[in-house]
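As a plain string of letters, each chain reads:
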Amino acid sequence: MSRILLAWELGTGFGHIGPFLTVATGLLKRGHELHIAAREVAGAVAAVGNLPIAVHQAPLCLNTYGGLQDPPLNYAEILMRYGYLDPAMLLGLLTAWRSLIRVVRADMVLADHAPTALLAARDLGLPLAAIGSPFSVPPAVAPTPNMRDWETVPAGRLADSDARVLKVINTVRSDAQPLAALHCIFEGAAHFLSGIPELDPYGARPLDDYLGLRAVSAGSAEPSWPEGDGKRVFAYLHAPYPHLERALLALASSGARVLVHLPGGNAALMQKYDGERLRFAPRLLDFSKVVSGCDLCVCHGNVGTTLGMLQAGRPLLMLPMHLENFLISRSVARAGAGEFVHPDAAEPDIAGTLTRMLADPQYRKAAEGVAAREAATSIGTITDRAIARIEALAAQAKDHT
């Protein structure tokens, strides 16, 4: 029996727990002890449900740092916003992660967007693995690449950003072997990446690194679609989206039967758009039933929802809010399985895009094509293979004790 710790440090949303839960049930059945150090403990507890998985608060950087170039262009510039230019903060985070790993007595660490946890585990001599979105695992190149490849990057900026962050890491870890490059945070770590190669924003990596088109549902509520004729559209939206009302108006006017899940939604706004053709779902829905019942999904391009819809051959209209959303949305659009509105658009044509997608069967055909290509290797096979790799990694630590 091994103790396995999932570390979630950066990023928000259930998607950071989902990939772990795809293998958690199998690991529990095989007698392993599982822990989650979560950035958002409320969401983690809800996602875990009745599974016997211990949930801990992850060490976090709560400071806000000014004077940084905006927006961030590469992985180093993301880390700058979370204490990686502040030696005292980074030392505190590393110390806290080491303490938590020791308290849990972890045999290995699975890091979901958790670079500091990876550094701490490396310092303790534990096996390492990165799980979750490919966005959070840069490729082994120096400097870490520009994530906004549509923008002109000043000469030397990427290399300078990597160098500044790397200097702080190596200064704080004075007793450890210094990292030769920033991507070495992930050196020696096994990869368990959500999705498939064609959706990887950094380009295809070895096929065995991917967990496939798979999403885990944390909800159980039955989807209740509006009655009548018309296609069924599921919308998973977030209240902070700047064009939320424009999106709701487009959905309500589309002629489709629309079911919306809007966490944190304003009651007055929901009352305004609730009607015969558009209904709000107050509780988290059984995602598998939503997928099987809908014809089209409207979402922000979050990883879990996107992969689950593509697995079932459902097209997506994506309204990205963040860079990671945008990159996966662009990949889906390139595959022909959806469209997106640019996050920088002042007045995005959501209604026009939605109307076009509902009328054109090519989007559904392209999404079904993606699903068919990836169905050659079953999700069960991928999951079993991932569980075996995790077990082997954890056993390495026990062999050295």
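Preceding this section is the structure that the text describes.
Residues numbered from 1 in each chain as written. Predicted model: local features only at pLDDT ≥ 70, side-chain atom pairs only at ≥ 80, totals over all residues. Heavy atoms only, no water.

> Any chance you could break down the overall build of the protein chain for me, citing the residues and the numbers?
When its secondary structure is counted, the protein chain shows 14 helices and 12 strands. Relative to the globule expectation of 21 Å for 401 residues, the C-alpha radius of gyration of the protein chain, 21 Å, shows essentially globular dimensions. Principal-axis analysis of the C-alpha atoms gives the protein chain an extent of 65 × 50 × 40 Å. The proportion of buried residues among the 401 residues of the protein chain is 53%. Within the protein chain, residue pairs in contact and separated by at least 24 positions form 65% of the contacts whose partners lie at least 6 positions apart. (Helix = DSSP H or I, 4+ residues; strand = E, 2+ residues; numbered from the N terminus. Rg over C-alpha atoms; globule rule 2.2 N^0.38 Å. Buried < 20%, exposed > 50% of the residue type's maximum accessible area, 1.4 Å probe, protein only. Contact = heavy atoms within 4.5 Å.)

> Help me get a handle on the environment of Pro59, residues and values and all.
Residue position: Pro59 is located in the loop between strand S3 (53-57) and helix H3 (75-79). The residues touching Pro59, leaving out its near neighbours within four places in the chain, are Glu9, Leu93, Ala96, Trp97 and Leu100.

> With reference to specific residues and values, describe the pattern of salt bridges.
All chains considered together, the criterion is met by 15 salt bridges. As a salt-bridge pair, Glu391 and Arg30 come within 2.7 Å of each other at their nearest N and O atoms. Residue Glu391 is located in helix H14 (residues 379-399), and its partner Arg30 is located in the loop between helix H1 (18-29) and strand S2 (33-38); the two are separated by 361 residues in the primary sequence. Relative accessible area serves as the criterion here: at 17%, Glu391 is assigned to the buried category. By relative accessible area, which is 53% here, Arg30 ends up exposed. Through salt bridges with shared partners, one network takes in Arg98, Asp123 and Arg173. (Salt bridge = Lys/Arg side-chain N within 4 Å of Asp/Glu carboxyl O.)

> Describe the sheet that holds strand S10 (residues 296-299), listing the residues and the values that go with them.
Strand order in the open sheet formed by six strands is S9-S8-S7-S10-S11-S12, and the pairing between neighbours is parallel. Each of the sheet's edge strands pairs with one partner strand only, and the pair in question is strand S9 (278-280) and strand S12 (338-340). Strand after strand, the sheet turns through a mean of 15 degrees between neighbouring axes, direction not considered. Two strands pair when backbone bridges link them, and strand S7 (residues 232-236) and S10 are joined in this way by four bridges, in the parallel orientation. Across the sheet, residue Phe234 finds its bridge partner in S10, namely Cys297. The sheet strands contacting helix H11 (residues 323-334) are strand S11 (316-318) and S12, and the helix crosses S12 at an angle near 140 degrees. (Pairing = 2+ DSSP bridges. Axes fitted to C-alpha atoms, helices over the stretch in contact; angles between N-to-C directions.)

> Which residues make up the nonpolar core, and what values do they have?
Ile169 and Ile185 are the most contacted members of the largest nonpolar core, which totals 44 residues. Take this core: its biggest share by element is six residues, from helix H4 (residues 87-104). With near-sequence residues (within four places) excluded, Ile185 lies in contact with Leu79, Pro115, Leu118, Leu119, Arg122, Ile169 and Leu179. Core analysis: the second largest hydrophobic core is formed by 29 residues, Leu6, Val48, Ile387 and Ile390 among them. (Core = buried A, V, L, I, M, F, W, Y, C linked by side-chain atoms within 4.5 Å.)

> Quick rundown of the environment of Ala204? Include the residues and the values.
Tracing the backbone through its elements, the reader meets Ala204 in the loop between strand S6 (190-193) and S7. Remark: the alpha-carbon pair of Ala204 and Ser254, spanning 50 residues in sequence, is separated by 37 Å. In contact with Ala204, not counting residues within four places along its chain, are Pro197 and Tyr210.

> Describe the packing of H4 against helix H5 (residues 115-123), and please don't skip the residues or the numbers.
Here H4 crosses H5 at 60 degrees, and the two axes come no closer than 9 Å. Considering how the two elements wind past one another, H4 and H5 form a crossing that is right-handed. Contacts from Leu90, Leu93, Leu94, Trp97, Arg98 and Ile101 of H4 reach H5 at Thr116, Ala117, Leu119, Ala120, Ala121 and Asp123. Of the residues assigned to the contact of H4 with H5, the class counts are nine nonpolar, one polar and two charged. (Left-handed = near helix turned anticlockwise from the far one by under 90°. Nonpolar A, V, L, I, M, F, W, Y, C, P; charged D, E, K, R; others polar.)

> Can you explain the packing of aromatic side chains? Please cite residues and give values.
Scanning the model with the defined rule gives three aromatic pairs in all. Through a chain of ring-to-ring contacts, the aromatic side chains of Trp150, Phe326 and Phe340 assemble into a single cluster. Above the face of the Phe192 ring, Arg389 is positioned so that its terminal group lies 4.4 Å from the ring centre. (Phe/Tyr/Trp six-rings, centres within 6.5 Å; stacked < 30°, edge-to-face > 60°. Lys NZ or Arg CZ within 6 Å of the ring centre and 35° of its normal.)

> Break down the pairing of strand S4 (residues 108-112) for me, citing the residues and quoting the values.
When you tally the buried positions in S4, you get five out of five residues, the bulk of the element. Here S4 shows a buried face lined by Met108, Leu110 and Asp112 and a second buried face lined by Val109 and Ala111. Sheet topology places strand S1 (residues 3-8) next to S4; five bridges connect them, and they run parallel. Considered in S4, the bridge of Ala7 is made with Ala111. Summarising the sheet, S4 and strand S5 (residues 128-132) pair through three bridges and their orientation is parallel. Residue pairing in the sheet places Leu110 in a bridge with Ala129 of S5. One crossover worth recording links S4 to the parallel S5 by way of H5, and it is right-handed. (Right-handed = clockwise from strand over helix to strand, strands pointing away.)

> Give a detailed account of the side chain of Glu9, specifying residues and quantitative values.
Along the chain, Glu9 falls in the loop between S1 and H1. No salt bridge is formed by the buried Glu9. Its closest oppositely charged neighbour is Arg39, at 6.9 Å. At a separation of 2.5 Å, a polar atom in the side chain of Glu9 contacts the side chain of Thr116. Look past the residues within four positions of Glu9 in its chain and what remains in contact with it is Arg39, Pro59, Leu60, Trp97, Asp112, His113, Ala114, Pro115, Thr116 and Ala117. (Lys, Arg positive; Asp, Glu negative; His and termini not counted. Polar contact = N/O pair within 3.5 Å; in protein donor to acceptor, adjacent residues only side chain to side chain.)

> Give me the lowdown on helix H12 (residues 350-359), citing residues and values where you can.
Taken residue by residue, H12 has Ile350, Thr353, Leu354, Met357 and Leu358 as its buried positions. In an axial view of H12, the angular spread of the buried residues amounts to 130 degrees, which keeps them on one side of the axis. The inward-facing, buried residues of H12 contact S7, helix H7 (244-252), S10, S11, S12 and helix H13 (362-374). The N-terminus of H12 is capped by Asp349, whose side-chain oxygen sits 2.9 Å from the backbone nitrogen of Gly352. (Arc of directions from axis to C-beta.)

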